[in-house]
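# Structure assessment
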Amino acid sequence: MRALLTGDLHAGKGARYERVPGDRLAEQAAVWTRTLELARERGCDVILHAGDLFDHRRPGPDVMMAVERPLVEHRDAGGCPVVFVLGNHESAGDNPTAPAVFGLAGLIEMHDRPGITQVGDVSIACLPWAPVSRIVAAQNGGDRDDVNQLAAELLIETARGLRAEIDGPAILLTHFSISGASLPGGMTSDQLREPVLPLEELERLGFDAIVAGHLHPPQLLASNPAEPEVPILYVGSPLPLDFGEGGYEHGCWILDLDGVRGATVPEFVPVESRRFLTFERELVEIPGVGVTVAEPIFDIADAFVKVRVSTTAELARRADFARIREDLLTVGAYN
């Protein structure tokens, strides 16, 4: 079985980066379309989506259509099935969710509860996002760190129970934090105040691969990187969602798995999207030019550009920041 692994599109996020209304959503739709195309081009048997297809629980009709059209095109082109677990941005308690609409239409196989689905001879154990609110209610409040620890233990037991029901190769598809993972700003998942699944315990569950969404840098995890027991990875966001995500590649993964050789080392496949670039510059005064950045900025064509400046209060007062912005747009910056 060959699977394309993706997640965390967050369709509908980032309107502040638009030049005109709909720009950012159109780019998200294009990346989503390309991701589905890659699954067909690479002969995948299934697409595993690890949650947060949408950024909001109640996306508007334009956002729904931007995600639906590529799914319809994928189905009509004979594309493989899409197995989806609910993410925290889409979770709505016991209320219907946006991805459920696509599930009812047969465009995806949606899991908002733990369950198992079969793809060829490989079983996909689905562990979607679940809030800790019921544990809080059952304990009449309590310390949040203790609640998160208990939730992580229950989630590991749930995953163990799913694996016990499967005879043969299996992949765990989930949307939770895993210990040892990194966030875009360099913070680690162990510092989060939410359920964090222990990496070592996940390795011992007997899955042939573990595929997770929720944290946006794509990354392979292992308690012993020199001798990884099974592929455990974060799919990452397929395009940068803001400037904090501009410093690493974005795309999807290809994973091959069979009952004899087990899982291969997953292959990361970049997907093209508009870049987010950040520059550090000093403000200086140049005779005949005025107050401007000290060094020129190159290679910014069609990119979102942020310039952080260091300067004196006097130069900052006299700087024409609107002109500096226009200069960047003139040499190719998108916004």
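This is a predicted model, so every value here is computed, not measured. (Residues numbered from 1 in each chain as written. Predicted model: local features only at pLDDT ≥ 70, side-chain atom pairs only at ≥ 80, totals over all residues. Heavy atoms only, no water.)

### Some details on the side chain of Ser 179
Within the fold, Ser 179 resides in the loop between strand S8 (177-178) and strand S9 (196-197). In this structure Ser 179 comes out as buried when scored by relative accessible area, which is 13%. Discounting residues that sit within four places of it in the chain, Ser 179 has contacts with Ser 189, Asp 190, Val 196, Leu 197, Pro 198, Leu 199 and Glu 200. (Helix = DSSP H or I, 4+ residues; strand = E, 2+ residues; numbered from the N terminus. Buried < 20%, exposed > 50% of the residue type's maximum accessible area, 1.4 Å probe, protein only. Contact = heavy atoms within 4.5 Å.)

### Looking at the pairing of strand S10 (residues 209-212)
Of the two faces of S10, the one carrying Ala 209 and Val 211 and the one carrying Ile 210 and Ala 212 are both buried. Where strand S7 (residues 170-174) and S10 come together, four bridges link them in parallel fashion. Counterpart to Leu 172 in the pairing with S10 is Ile 210. (Pairing = 2+ DSSP bridges.)

### Regarding unusual backbone geometry
Although it is not a glycine, Asp 299 sits at a positive phi angle of roughly 55°. Note that Asp 299 resides in the loop between strand S17 (290-293) and strand S18 (304-310). Despite not being glycine, Asp 302 shows a phi value in the positive range, around 60°. Tracing the chain through its elements places Asp 302 in the loop between S17 and S18. Look at Asp 302 and you get partly exposed, because its relative accessible area is 41%.

### Here we look at helix H2 (residues 61-76)
Over its 16 residues, H2 extends 22 Å from the first C-alpha to the last, a length consistent with the 22 Å expected when each residue adds 1.5 Å. Those residues of H2 that are buried are in contact with helix H1 (23-41), strand S2 (46-49), strand S3 (82-85) and helix H3 (98-104). A positive backbone phi angle near 80° is found at Gly 78, which sits one or two residues after H2. (Expected span 1.5 Å × (residues − 1).)

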